[in-house]
Amino acid sequence: MIDQHFNPTESEQRIYKRWEEANAFAPDMDSSAQPYCIVIPPPNVTGVLHMGHALNHTLQDVLIRFERMRGKKVLWQPGTDHAGIATQMVVERKLAAEGNQDRRSMGREGFIEKVWEWKEESGGKILEQDKRLGSSCDWSRERFTMDEGLSKAVLKTFLDLYNDGLIYRDKRLVNWDPQFQTAISDLEVENKEVDGHMWHFKYPLAGGATYTYVEKDEEGNVILEEERDYISIATTRPETMLGDGAVAVHPSDERYASIVGKLCEIPVGPKEHRRLVPIITDEYPDPEFGSGAVKITGAHDFNDYGVAKRNGIPLYALLDEVAAMRKDGLSYAESAAKAQERSDIWIKMFEEGDSRFHSPAGKDSAGDVSEINLVPEEYRGLDRYECRKLVVETITAEGLAVMIDGGEGGQKPLVENKKIMQPFGDRSGVVIEPMLTDQWYVDAKTLAQPAIEAVRSGKTDFVPENWSKTYFQWLDNIEPWCISRQLWWGHRIPAWYTADGEIFVAENEEAAYAAARAKHGADVTLTQDEDVLDTWFSSALWPFSTLGWPDKTPEVSEFYPGAVLITGFDIIFFWVARMMMFGLKFMDEVPFKDVYIHALVLDETGKKMSKSEGNVLDPIDIIDGCDLQVLVDKRLRDARTDDKGKLNQIEQKTRRQFPEGLPACGTDALRFTLASQAAQGRDIRLSIDRIVGYRNFGTKLWNAARFCQMNECTLWKPEEFDPKALTQPINRWIVSELSQAVQSVTASLEGYRFNDASMACYRFIWNTFCDWYVELIKPLLNGENEQAKSETRQTAAWVLDETLKMLHPFMPFVTEELWDQLAEFGPGRPGFLMLQNWPALDASFEDEAASEEVDWVIGFITEIRALRGDLNVPAGAKLKLALVDAGQEIVQRARSYAPLIERLARLENFAFAAEVPDGAVQFVHRGTRAALVVSDALDIEAEKARLTKELSKIDGEITKIEKKLGNENFISKAPVEVIDEQKSRLAEYVEKKDKLSGALKSFEDMA
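Note that the structure is predicted; figures quoted are calculated from it, not measured.

Conventions and cut-offs
- Residues numbered from 1 in each chain as written.
- Predicted model: local features only at pLDDT ≥ 70, side-chain atom pairs only at ≥ 80, totals over all residues.
- Heavy atoms only, no water.
- Pairing = 2+ DSSP bridges.
- Helix = DSSP H or I, 4+ residues; strand = E, 2+ residues; numbered from the N terminus.
- Axes fitted to C-alpha atoms, helices over the stretch in contact; angles between N-to-C directions.
- Contact = heavy atoms within 4.5 Å.
- Expected span 1.5 Å × (residues − 1).
- Buried < 20%, exposed > 50% of the residue type's maximum accessible area, 1.4 Å probe, protein only.
- Arc of directions from axis to C-beta.
- Disulfide = S-S within 2.5 Å.
- Phe/Tyr/Trp six-rings, centres within 6.5 Å; stacked < 30°, edge-to-face > 60°.
- Lys NZ or Arg CZ within 6 Å of the ring centre and 35° of its normal.
- Core = buried A, V, L, I, M, F, W, Y, C linked by side-chain atoms within 4.5 Å.
- Salt bridge = Lys/Arg side-chain N within 4 Å of Asp/Glu carboxyl O.

Before going further, it helps to spend a moment on the sheet that holds strand E30 (residues 879-884). In space, the 4 strands of this open sheet follow the order E31-E30-E33-E32, with mixed pairing throughout. Of all strands in the sheet, those bounded by a partner on one side alone are strand E31 (907-913) and strand E32 (920-925). Between one strand axis and the next, the sheet turns by 25° as a mean value, whatever way the strands run. Summarising the sheet, E32 and strand E33 (residues 928-933) pair through 6 bridges and their orientation is antiparallel. Its bridge partner being in E33, Val924 is matched across the sheet by Arg929. Where helix H29 (residues 848-870) meets the sheet, its contacts fall on E30, E31, E32 and E33, and the angle it forms with E32 comes to roughly 145°.

Shown next, in the form of structure tokens:
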């Protein structure tokens, strides 16, 4: 007998273990069925399951289970990413906590050995958590981006791209993390708005030159005219002035036209060695912003870098690997002299109109300036912020700060306090510096062209389609991809150097030496590159390296390309596009047919989940439940702040929102909630109440299944049951409804409309099967017509089985458990539910006549119930009802279903009349007039008064909300969630007003 309740805590892990032990997730490689493959976006080996993973993996598993049941040869390929920076950070912290050596004292080999030990002990926890979600990956095929096979794939890729001229080494500007002392990708940079300053300084013109500075208003009227011997610039990073190579103005800026090509003096550094830099024109400066003049420090700003490269301005590096001012290189005096030589050459080429100045080659002719250190000796070795303070003090003391009125006739330096966007390392939390370093690059522009064409031609489609614009926007403007990282954990770059820097790229050290000795003789000595490859390099190979490439495995030929990639929008640039580029390069085919971009999971107020905000919900806590104090402690710990006010705010909010902690909802309820809200292009607001509601949905199905079992609804000979040969209209109706539901779910999943598919399941199971069919068949099950009883039992059993199949991709555990327990008094099951065939129902199973008849009955009962509620009829009161002047067909139908209607609508009797009875309210159901006698159960005059009073109150609330929503000040300042709440309340009041108005009219029209 089916248990009284479904216990997710006891059942889910037991069921999952049975699936795993039976190897139920593995594809049958001997099958000739159509292959279907999804590769899981590899989570970091250091990671733990969060709500984004829960959504992503739920949607993938829904498709995997759906297509497996449709008979396809299905592979869901799992694995993890080695996560270079994150893993190195975790292990270094672990070593520090244990009091062991640090990484550098331990040495590279010793440290890497420790990382592998950690990986075997603690890495991959997220995949174990993923099993709690019911993810049906083929775990026997689990891959790791640094396992032997994937390392082989990475090596081949690097060698092939290098030999094709698509990988090269270059000195360019990169994001530099001073804590980890490595280049990082844009994805690993968090731009945050912080409090900052904008300093305004004067750059004196060389030789005491002057010019007439004129400012005009929008109408062209002169509002300021004065002689100046300087050009004014503004900066948020004064310490970088030491490395300026030029000052730039816009070509259209008339204020500075007379001094373009002249020299100005950088107002910092020893006076006797102070440098002169040219004033140039470029499209980058905005004449409307600040003074319109911009200092160009090409080695320390990405925008400046572009200006410098376009105009042949040298790139002078000022900072070392830890963001301190450089101590290496030439003395300041020597460096300043060499830098001045380059400025003089630039001016001479400009003045003489040298053709080299106008050519790309000429503009790249600044040469190697790495030995030039333009940091004055007194600043060398200082922290960047300490240096900044001294630079500002020195310039101000010299009188070269722009001054403004300071009040009472005094002057003060112009320093703006303003919000600025500042880049931070997402792992280190320190401010990132643009740094000029030697790195390895991929010629992404060349690789991007086939990837662009593949999407434009429809070989790969984005869902929703609008995300293709994001894809094109990045690929159409793609820059070289920096693939080297200054880490120890990762795929080490297969390049070896001679003493003078000549590079030999080879499969291994032996091959590198063979090439070097063939060229230079036996005495050559090589040193391997210390850097490792960007993690995204190995993950770009994921769709085919995980299948065994570069070996020609059966899996490569069967499962490449994959069917669909499901991922978030934030890695379209960094992963999706790169997989497209590498897939087309090495496999001559796109890696997947579709790319489904899922939305964000927000908290119930619409805010992004963030540990610092203390609003994160852990999927495992929702599944298992979480005590309030444990939840509070976790959120306070994860906030990583010492701000007592912030911590108190997080604690109080958590206690208000979850006074009883998080209830145990089980996996099925969480999965169904995520799928039901996964509308294309719409973010998900996750509410615990909604999850609890879907837990109740599972309970509703469970109770309906128990009812069926207790009423002996069993299909003893499934092969002999013909759902198209039923005699009872109610049974034909439920088959028709099920068919429509299955068709809707199927079409929705094929179109990645997960919300539509899940809600089609919900409506059928809750409303149609549980609320109506179970009630409608009770008279048949309790009647004396054995043929009708037998047919109904078989139909209920068959429909329940097909319903479990339809729901299984969304709620795998409760459906598998019911499939198993329902078999107790039946002929047994042919295997797991997850391996059964998807319901084969089409339009031929629909019965219009039965649907029309039963829908009439259901609609009639529903209208009576709604009217009773609107009129405030006591729930226990039984009323009289008459059909007025009904047609013969309706009379016959009503008589045959009268006992059912009377029971479900709580009627005393059901009559047929030519006139409307006294004390009745009327309504029309599908063209037939009906009269419900309510005068015996209600004080009509009192009800009219009550409704009038209630309607007046509702009108007041509607007016109040409409006034608020019509207030532009409120709309512009109120949070989105507050506005949405007001709109929702307004809609509820309007709906309630319509209902009560109808009820009042019914009383007023009463016969």
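Between its terminal C-alpha atoms helix H1 (residues 8-21) stretches 19 Å, which fits the 20 Å expected from 14 residues at 1.5 Å a residue. Considered for burial, the residues of H1 that qualify are Ser11, Glu12, Ile15, Tyr16 and Trp19. Down the axis of H1, the sector holding all buried residues measures 120°, keeping them to one side. Pointing more than 90 degrees away from the buried face of H1 are the exposed residues Thr9, Lys17 and Glu21. Contacts from the buried residues of H1 go to helix H2 (51-69), helix H6 (125-132), helix H19 (619-624), helix H22 (666-676) and helix H28 (812-821).

Okay, the state of the cysteines next. Under the definition given, this model contains 0 disulfides. Looking at the unpaired Cys264, the closest cysteine sulfur is the one in Cys387, lying at 19 Å. Exposure remark for Cys264: the relative accessible area of 0% places this residue in the buried category. Take Cys626: it sits in no disulfide, and the sulfur closest to it among the cysteines is that of Cys665, at 12 Å.

Turning to the packing of aromatic side chains, a few remarks are in order. Using the criterion set out here, one finds 47 aromatic pairs in the structure. On the numbers, 5.9 Å between centres and 45° between planes, the contact of Tyr213 with Tyr256 is tilted. Placement of the pair is Tyr213 in strand E8 (residues 211-216) and Tyr256 in the loop between strand E11 (246-249) and strand E12 (263-265), with a sequence separation of 43 residues. By the burial criterion, Tyr213 is buried, and Tyr256 matches it. Aromatic side chains Phe462 and Tyr471 sit 5.1 Å apart centroid to centroid with 50° between the ring planes, which places their arrangement in the tilted category. Counting every residue linked through ring pairs, the aromatic cluster contains Phe158, Tyr162, Trp440, Trp481, Phe537, Phe544, Trp549, Tyr560, Phe582 and Phe586. A cation over an aromatic ring shows up here: Arg65 above the ring of Trp19, its NZ or CZ 4.5 Å from the ring centre. When the ring centre of Phe472 is taken as origin, the NZ or CZ atom of Arg456, which lies over that ring, is 4.0 Å away.

Turning next to H28. For H28, a buried count of 9 out of 10 residues is recorded, marking the element as mostly surrounded by other parts of the structure. All buried positions along H28 are accounted for by Pro812, Phe813, Val814, Thr815, Glu816, Glu817, Leu818, Trp819 and Gln821. Next to the buried residues of H28 lie H1, H2, H6, H22, helix H23 (688-710) and helix H27 (786-807).

Here the focus is the nonpolar core. Phe754, Phe769, Phe810, Phe860, Ile901 and Val934 are the most contacted members of the largest nonpolar core, which has 162 residues in total. At 14 residues, the largest contribution of residues to this core is made by helix H25 (residues 754-776). Beyond its immediate chain neighbours, meaning those up to four positions away, Val934 contacts Leu871, Val873, Leu879, Gly919, Ala920, Val921, Ile940, Phe1003 and Met1006. One finds Leu75, Ala451, Ile452 and Phe586 within the second-largest nonpolar core, a separate group that totals 61 residues.

Mapping Ala451 onto the fold places it in helix H12 (residues 444-456). Taking the C-alpha atoms as reference points, Ala451 and Ala499, separated by 48 residues in sequence, lie 39 Å from one another. Beyond its immediate stretch of four places on either side in the chain, Ala451 contacts Tyr471, Leu475, Met580, Met581 and Leu584.

Moving on to the sheet that holds strand E23 (residues 503-505). On the basis of which strands lie adjacent, the open sheet formed by 3 strands has the order E23-E22-E24 and antiparallel pairing. For this open sheet the edge positions go to E23 and strand E24 (527-528), each flanked by a neighbour on one side alone. Across the sheet, helix H14 (residues 509-520) lies against strand E22 (495-497) and E23, angled at about 135° from E23, the strand it touches most.

Taken as a whole and assessed by the stated rule, the structure comprises 66 salt bridges. Put simply, Glu128 and Lys131 hold a salt bridge, and the shortest N to O gap is 3.3 Å. In this pair, Glu128 and Lys131 both sit in helix H6, 3 residues apart, roughly one turn of the helix. Residue Asp551 pairs with Lys152 through a salt bridge whose shortest N-O separation is 2.8 Å. Remark: Lys152 occurs in helix H7 (residues 148-163) and Asp551 occurs in the loop between helix H16 (542-545) and helix H17 (554-559); sequence separation between them is 399 residues. Beyond isolated ion pairs, a larger network of salt bridges with shared partners links Glu67, Arg70, Lys72 and Glu750.

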